Amino acid sequence: MNLLGRIGTLFLLGLLSLSVTAFAQSTPAASGTGQQAVHDGQHDFDFNFGTWKTHIRRLVHPLSGSDAWVEMEGTVAVRKIWNGRAQLEEIKADGANSHLEGLTLFLYNPESHQWSQGFTSINDGVLNNPAIGEFKNGRGELYDQETYQGRAILVRAVWSDITPDAHHFEQSFSGDGGKTWEPNFVATLTRIAQ
């Protein structure tokens, strides 16, 4: 990566960190008498550490009525950083006519008790808008707003069916403010024995 690209990546990581901090400061935490204690979710993503075999299905043309999917096989390697308050995920997958290589940065905010997820691919090297959310009842849901083909949309990322050796991930788009969701990236992950 050239120097300008590294500076840009560091700048984007800094912006992501600031946006998560700003979000946390605007989100009231439960405190005081008579209120439930807030779940400390710092370890909610611990299941994700390690190396995984992944089967990915990606919708070729989201929000278009298309049902054309591509399938890919690959690996996902996830490592803990900052004593578990962050993690880096590297994804490499290939299909018949497709290649995916990306990096996901997960950050935990101890004030808001929420996680953020930013993704960049090898194709552009730009960290996307962070999705922000939390885990409840063994299911993680993170949300963000993005522009897709000139339209403002909502994006939902869900981790479910979590066991020590497998889990499911699904990303969905909503073009109607969250009334309906269309899955466009579905991954089944199985742990690779160390």
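Every chain's residues receive numbers from 1 upward, in the order its sequence appears when written. Where local features are concerned, this predicted model is filtered to residues with pLDDT of at least 70; where side-chain atom pairs are given and counted, the filter is 80 or more; whole-chain, interface and lining totals use all residues. Remark: hydrogens and water are excluded; side-chain values derive from all non-hydrogen atoms of the structure.

> Please clarify how the environment of R79 should be interpreted in this entry.
Strands are runs of DSSP state E lasting at least two residues, helices are runs of H or I lasting at least four, and both sets are numbered from the N terminus onward. Its place among the elements puts R79 in strand 2 (residues 69-81). Through-space distance from the C-alpha of R79 to that of E90 is 8.9 Å; in sequence the pair is eleven residues apart. Look past the residues within four positions of R79 in its chain and what remains in contact with it is F49, A86, Q87 and L88. The contact rule is simple, with two residues in contact once any of their heavy atoms fall within 4.5 Å.

> For this particular structure, what's the right way to read the environment of T54?
Assignment of secondary structure puts T54 in strand 1 (residues 50-59). As a C-alpha pair, T54 and H167 span 113 residues in sequence and 9.8 Å in three-dimensional space. The contacts of T54, once residues within four sequence positions are left out, are M72, E73, G74, T75, V76, A187, T188 and L189.

> What am I meant to see in the confidence of the model for the protein here?
Keep in mind that low pLDDT regions are not for reading the predicted coordinates in detail. The predictor reports its confidence for every residue as pLDDT, a score running from 0 up to 100. Overall, the predicted model of the protein reaches an average pLDDT of 85, with 80% of residues at or above 70. Long-range and interchain partners of residues 1-32, a stretch whose pLDDT sits below 50, account for 28 contacts in this model, where long-range means more than four residues apart.

> Is there a simple way to explain the packing of aromatic side chains in this structure?
Centre distance and the angle of the planes are the two values used to describe a pair of aromatic rings. Stacked, edge-to-face and tilted labels apply to pairs of Phe, Tyr and Trp rings (six-membered ring for Trp) whose centres lie within 6.5 Å, assigned for plane angles under 30 degrees, over 60, and everything in between, in that order. For the structure shown, the criterion picks out twelve aromatic pairs. Arranged with centres 5.1 Å apart and planes meeting at 85°, the rings of F45 and W115 form a pair that is edge-to-face. One end of the pair, F45, is in the loop between helix 1 (3-26) and strand 1; the other, W115, is in strand 5 (residues 114-121), with 70 residues separating them in the sequence. Residue class for W115 comes out buried when judged on its relative accessible area of 2%. Here the aromatic residues F45, F47, F106, Y108, W115, F135, W159, F169 and F185 are joined through ring pairs into a cluster of three or more. The ring centre of W69 lies 4.2 Å from the NZ or CZ of R57, which sits over that ring. Relative accessibility under 20% of the residue-type maximum defines a buried residue, over 50% an exposed one, and the middle range a partly exposed one, all with a 1.4 Å probe and only protein chains included. Definition used: whenever NZ (Lys) or CZ (Arg) falls within 6 Å of the ring centre and also within 35 degrees of the ring normal, the charge is taken to sit over that ring.

> Explanation requested: the environment of D144 in the structure shown.
On the secondary structure map, D144 appears in strand 7 (residues 139-148). Separated by 15 residues in the primary sequence, D144 and N129 place their C-alpha atoms 6.9 Å from one another. When near neighbours in sequence (up to four residues on either side) are disregarded, D144 contacts N129, P130, A131, I153, L154 and V155.

> Where do I start with the nonpolar core in this structure?
For soluble globular proteins, nonpolar side chains are generally found buried alongside one another. Membership of the largest hydrophobic core comes to 23 residues, with the highest contact counts inside it found for F45, I56, L100, W159 and F169. At the level of elements, strand 1, strand 2, strand 3 (86-95), strand 4 (99-109), strand 6 (131-136), strand 8 (151-163) and strand 10 (182-191) are the ones that each hand at least two residues to this core. Setting aside its immediate chain neighbours within four residues, F45 contacts Q87, F106, W115, F135 and W159. To form a nonpolar core, buried Ala, Val, Leu, Ile, Met, Phe, Trp, Tyr and Cys residues must be joined to one another through side-chain atoms within 4.5 Å. By size, the runner-up hydrophobic cluster in this structure holds five residues, among which are I81, L88, L105 and L107.

> Even after reading the chapter, I still don't get the sheet that holds strand 4, so can you show me in this structure?
The strands that make up a sheet are held in pairs by hydrogen bonds between backbone atoms, and each pair lies either parallel or antiparallel. The pairing criterion for strands is at least two bridges between them, as found by DSSP. What the ten strands build is a closed barrel, ordered 1-2-3-4-5-6-7-8-9-10; its pairing is antiparallel. Neighbouring strand axes in the sheet, compared pairwise and without regard to direction, differ in orientation by 25° on average. Only the stretch in contact is used when fitting a helix axis, every axis being a line fitted to C-alpha atoms; angles between N-to-C directions are given from 0 to 180 degrees.

> What should I look at first to understand the pairing of strand 5 in this one?
On a regular strand, each side chain points to the face opposite its neighbour's, so the side chains alternate between the two faces of the sheet. Where burial is concerned, most of strand 5 is hidden: seven out of the eight residues are buried. When strand 4 meets strand 5, the two strands line up antiparallel, connected through eight bridges. Bridge pairing in strand 5 places L103 opposite T120. Between strand 4 and strand 5, which pair antiparallel one after the other, the connecting turn spans four residues, and H113 there sits at a positive phi close to 60°.

> Would you mind showing me how to read the pattern of salt bridges here?
Think of it this way: side chains of opposite charge can pair up when their charged atoms draw near. What makes a salt bridge here is a side-chain nitrogen of Lys or Arg within 4 Å of a carboxyl oxygen of Asp or Glu, nothing more. A full pass over the atoms with the stated rule returns four salt bridges. For E71, the salt bridge identified is with R57, shortest N-O distance 4.0 Å. Highlighted residues: E71 in strand 2 and R57 in strand 1, separated in sequence by 14 residues. Looking at R57, the relative accessible area reads 30%, which means it is partly exposed.

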